[in-house]
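As a plain string of letters, each chain reads:
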Amino acid sequence: MKKGFLALLMAAVLSVIFVTPALAADLSSNEQTLYDEFVADVEKWRPVLGNETANTYEAQARSALLQVDLDATACKEFSQAVKDVMAVLDKGNPQTRHEMMQYAPECVSIVNKVGSKYGIQIAVGAHGVVTITIQGKTVADTGSTVKQTGFGLAQTIAVGVASIAVLGGAFAVSRKFRASAAA
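Cut-off values and rules
The residue numbers shown here count from 1 along each chain, following its written sequence. Local features in a predicted model are, by the rule used here, given only for residues with pLDDT of at least 70; side-chain atom pairs are given and counted only at 80 or more, and totals for whole chains, interfaces and linings are based on all residues. The basis for every side-chain value is the complete set of non-hydrogen atoms in the structure, without hydrogens or water. Strand pairing follows a simple DSSP-based rule, namely that at least 2 bridges must link the two strands. Helix and strand labels come from DSSP, where a helix needs a run of H or I of at least four residues and a strand needs a run of E of at least two; each type is numbered from the N terminus. In this analysis, axes come from line fits to C-alpha atoms, helices being fitted only over the stretch in contact, and the angle between any two N-to-C directions falls in the range 0 to 180 degrees. Geometric relationships in this document are graded by angle, where less than 35 degrees denotes roughly parallel, more than 145 denotes roughly antiparallel, 65 to 115 denotes roughly perpendicular, and other angles denote oblique. With the far helix as reference, a near helix turned anticlockwise by less than a right angle produces a left-handed crossing, and one turned clockwise produces a right-handed crossing. Between two residues, a contact is recorded if the distance between any of their heavy atoms is within 4.5 Å. Amino acid classes used here: Ala, Val, Leu, Ile, Met, Phe, Trp, Tyr, Cys and Pro are nonpolar; Asp, Glu, Lys and Arg are charged; the rest, including Gly, are polar. The buried label applies to any residue whose accessible area, calculated with a 1.4 Å probe on protein chains only, is under 20% of its type's maximum; exposed applies above 50%, and partly exposed to all values in between. Aromatic pairs are defined between Phe, Tyr and Trp rings, using the six-membered ring for Trp, whenever the two ring centres lie within 6.5 Å; interplanar angles under 30 degrees are classed as stacked, those over 60 as edge-to-face, and all others as tilted. We count a charge as sitting over a ring when the NZ of a lysine or the CZ of an arginine lies within 6 Å of the ring centre and within 35 degrees of the ring normal. In this scheme, a helix's expected span is set at 1.5 Å multiplied by one less than its residue total. This arc corresponds to the set of directions leading from the helix axis out to the C-beta atoms.

Colleague: Explain the sheet that holds strand β2 (residues 130-134) to me, and be specific about the residues and the numbers.
Modeller: Strand order in the open sheet made by the three strands is β1-β2-β3, with antiparallel pairing throughout. Strands at the two margins of the open sheet, each flanked by one partner only, are β1 (120-124) and β3 (137-141). With direction set aside, neighbouring strand axes in the sheet form an average angle of 25 degrees. In terms of strand pairing, β2 meets β3 through four bridges, oriented antiparallel. By the bridge assignment for β3, Ile 132 is matched with Ala 140.

Below you can see the structure in the form of structure tokens.
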């Protein structure tokens, strides 16, 4: 019984060892600060944007940041661009999403001046659909957003397979120990 318990405990420890690196893909501290600033600004405009749109913008920004590696300088430049965009919106003080869309070309221009240095481009289409392109690859499109957790499907599958393999091995070892203990 003790050996079976130890085998299961070992399986749990091994699954943590396998799972932790897969989940480690996260934002750097500079990127997290940039993201937090962006979220604070989106939250300020949530009443105008609406909950669904604000949530989508936040999820897509996080998703895009997970796919790039921005250094401190780049994060500062993007932070300033976000502040400049907020200044435009604060000055115009739009009261509806339709009014806010009138400022989209100017806001996109501000962000793309910085983004072009890093291969990142943002476009705002009809109805406020935002598309983020990194190195020519579309990484976020708010028009086709699926509820995101911040983890990719490939990571989720890899973690699941690793967990199943480790737990399966633990049960096999546990069964072997039970069989040898009974004999």
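Colleague: With reference to specific residues and values, describe the packing of helix α2 (residues 29-44) against helix α4 (residues 51-66).
Modeller: Axis separation between α2 and α4 bottoms out at 10 Å; the angle between their running directions is 165 degrees. Comparing their axes, α4 and α2 come out roughly antiparallel. Relative to α4, α2 is oriented so that their crossing is right-handed. Along its contact with α2, which presents Glu 31, Gln 32, Leu 34, Tyr 35, Phe 38, Val 39, Val 42 and Glu 43, the element α4 presents Ala 54, Tyr 57, Glu 58, Ala 61, Arg 62 and Leu 65. For the contact of α2 with α4, the per-class residue count stands at nine nonpolar, one polar and four charged.

Colleague: Can you lay out the pairing of β2 for me, pointing to particular residues and giving the numbers?
Modeller: Within β2, four of the five residues are buried, leaving the element largely enclosed by the surrounding structure. Inspection of the sheet shows β1 paired to β2 by five bridges, in the antiparallel sense. In the sheet register, Ala 123 faces β2, and the bridge partner there is Thr 131. Here β1 hands over to β2 after five residues, with His 127 in that stretch at a positive phi of 60 degrees. Counting the residues in the hairpin turn of β2 and β3 gives two residues, including Gln 135, whose phi is positive at 50 degrees.

Colleague: Describe the packing of aromatic side chains, listing the residues and the values that go with them.
Modeller: Using the criterion set out here, one finds one aromatic pair in the structure. Judged by centre distance (5.9 Å) and plane angle (40 degrees), the rings of Phe 78 and Tyr 118 are tilted. Taken together, the residues span a long stretch of sequence, with Phe 78 in helix α5 (residues 72-92) and Tyr 118 in the loop between α7 (104-115) and β1 at a distance of 40 residues. Assessed through its relative accessible area of 8%, Phe 78 is described here as buried. The side chain of Arg 62 reaches across the aromatic face of Tyr 35, ending 5.8 Å from its centre.

Colleague: I'd like a rundown of α4, residues and numbers included.
Modeller: Here α4 contains 16 residues, and its C-alpha end-to-end distance of 23 Å stays within 8% of the 22 Å for a straight helix at 1.5 Å per residue. Within α4, the full set of buried residues consists of Thr 53, Ala 54, Thr 56, Tyr 57, Glu 58, Gln 60, Ala 61, Ser 63, Ala 64 and Leu 65. As for α4, its buried residues are in contact with α2, α3 (46-49), α6 (97-101), β2 and β3.

Colleague: Quick one: what's the story with α2, residue by residue and with numbers?
Modeller: With 16 residues, α2 extends 23 Å between its outermost C-alpha atoms, agreeing within 8% with the 22 Å of an ideal straight helix rising 1.5 Å per residue. Within α2, burial applies to Glu 31, Leu 34, Tyr 35, Val 39, Asp 41 and Val 42. When α2 is viewed along its axis, its buried side chains cluster within an angular range of 165 degrees and face the same direction. Looking at the packing, one finds that the buried side of α2 touches α3, α4 and α5.

Colleague: So, the environment of Leu 65: which residues are in play, and what are the values?
Modeller: Along the chain, Leu 65 falls in helix α4. Its relative accessible area of 10% is what places Leu 65 among the buried residues. On a C-alpha basis, the gap between Leu 65 and Asp 26 in space is 8.9 Å, while along the polypeptide they are 39 residues apart. Setting aside residues up to four positions removed in sequence, Leu 65 forms contacts with Leu 27, Glu 31, Leu 34, Tyr 35 and Leu 70.

Colleague: A description of the environment of Cys 107 should follow, citing residues and the corresponding values.
Modeller: Along the chain, Cys 107 falls in helix α7. The sequence separation of Cys 107 and Ile 122 amounts to 15 residues, and the corresponding C-alpha distance is 9.9 Å. Each residue touching Cys 107, except ones within four places of it in the same chain, is listed here: Val 85, Val 88 and Leu 89.

Geometric descriptors of this kind do not, in isolation, establish any biological role.
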